[in-house]
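What the coordinates show
One letter stands for each residue in the lines below.
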Amino acid sequence: MRDRVVAAFTGIQDAICKGLEELDGSARFVSDQWERPGGGGGDTRVIQNGAVFEKGGVNFSAVHGELPEAIAREFKSSSTQFFASGVSIVLHPQSPMVPIIHMNIRYFEMPGDGRAWFGGGIDLTPIYVDHAQATGFHQTLKATCDRHHTDYYAKFKNWADEYFYIKHRKETRGIGGIFFDRLSDGNSLPLEAQFEFVKDVGNTFLKAYLPIATANKDLPFTEAEKNWQLLRRGRYVEFNLVYDRGTHFGLQTDGRIESILMSLPTLASWQYNIIPEAGSREEETINYLKGKTEWV
């Protein structure tokens, strides 16, 4: 399974990088291959200062070694070893009209007690919420979920709404998407079926994102709208540093810090007590993020 996961995940990384370079039309991904002290390594691919993307990364990793005690306690595991592999993506566009997007697909294995599972998800963070585009994004994710199980979309959409929630702000990070974790841990779901689903999620990324980014990348925007983008990026940073499990896992396992913090934007802003003007698109976006919307 390890070899098959690595082959599938690196193939997904290659395909996504190619699609994003074609969208940007200017910048190219730079590959930074690295080794992890203790076992394994990865390929961090970063795109910067492009026509569409200010900064973004499409990371692959496959690491193994000693399982930290804190993680063993969290997983209630007696294993002293782990293997983990995944593809992690975050893109911060130049234009406030193009949403931030995140995807992660991952495989985790503890050989000492025979446990293994898959996890992942895709979520979208528009700076300005466009209802039609948000609906289309969720419809694409639902179609992928429905190919595997008719219960998946509703379950994983709700999981995303709960996970991508900035508790101290009482708002969601964006319009959500799907999120799932430990699918095969402690239940009868076949690992093989979950592998097929996770590959399908990875191959859905470009289908879900390219139509929105292509439609919005050349739209005009004002300095005020750019400033709003920087404020929303600040919220993104808060979530990733305070709540994101992948960030915490990377730090706890002595992961490569440049790859872990690849998800942070080049520029972000924290202005004091910003209150959107009544009736503005900014207020409309905040209202979406403060509530719970059934997009499909």
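What this report covers is the structure whose coordinates are included nearby.

The rules we used
- Residues numbered from 1 in each chain as written.
- Predicted model: local features only at pLDDT ≥ 70, side-chain atom pairs only at ≥ 80, totals over all residues.
- Heavy atoms only, no water.
- Helix = DSSP H or I, 4+ residues; strand = E, 2+ residues; numbered from the N terminus.
- Contact = heavy atoms within 4.5 Å.
- Buried < 20%, exposed > 50% of the residue type's maximum accessible area, 1.4 Å probe, protein only.
- Pairing = 2+ DSSP bridges.
- Axes fitted to C-alpha atoms, helices over the stretch in contact; angles between N-to-C directions.

Mapped onto the elements, Ser85 comes out in strand β4 (residues 81-93). When sequence neighbours within four positions are dropped, the list of residues in contact with Ser85 reads Val5, Val6, Phe9, Phe60, Ser61, Ala62, Ile105, Arg106 and Tyr107.

By the element assignment, Cys145 lies in helix α3 (residues 131-146). Cys145 gets classed as buried once you look at its relative accessible area, which sits at 0%. Expressed as a C-alpha distance, the spacing of Cys145 and Val198, which sit 53 residues apart in the sequence, is 9.9 Å. Not counting chain neighbours up to four residues away, the residues in contact with Cys145 comprise Tyr152, Tyr153, Ile178 and Phe197.

This paragraph deals with the pairing of strand β5 (residues 100-110). With 10 of 11 residues buried, β5 lies mostly within the body of the structure. The sheet contact formed by β4 and β5 spans nine bridges and is antiparallel. The residue of β5 that forms the bridge with Ala84 is Phe108. Between the antiparallel neighbours β4 and β5 lie six residues.

Spatial strand order, β1-β2-β3-β4-β5-β6-β9: seven strands in an open sheet with antiparallel pairing. Every interior strand has two partners, whereas the edge strands, β1 (30-35) and β9 (176-180), have only one. Between one strand axis and the next, the sheet turns by 5° as a mean value, whatever way the strands run. Sheet topology note: the strand β3 (residues 53-66)/β4 ladder contains 13 bridges and is antiparallel. Directly across from Phe53, in β4, lies its bridge partner Pro93. Packing against the sheet, helix α5 (residues 191-216) makes contact with β3, β4, β5, β6 (115-125) and β9, and its axis sits at approximately 15° to β6.

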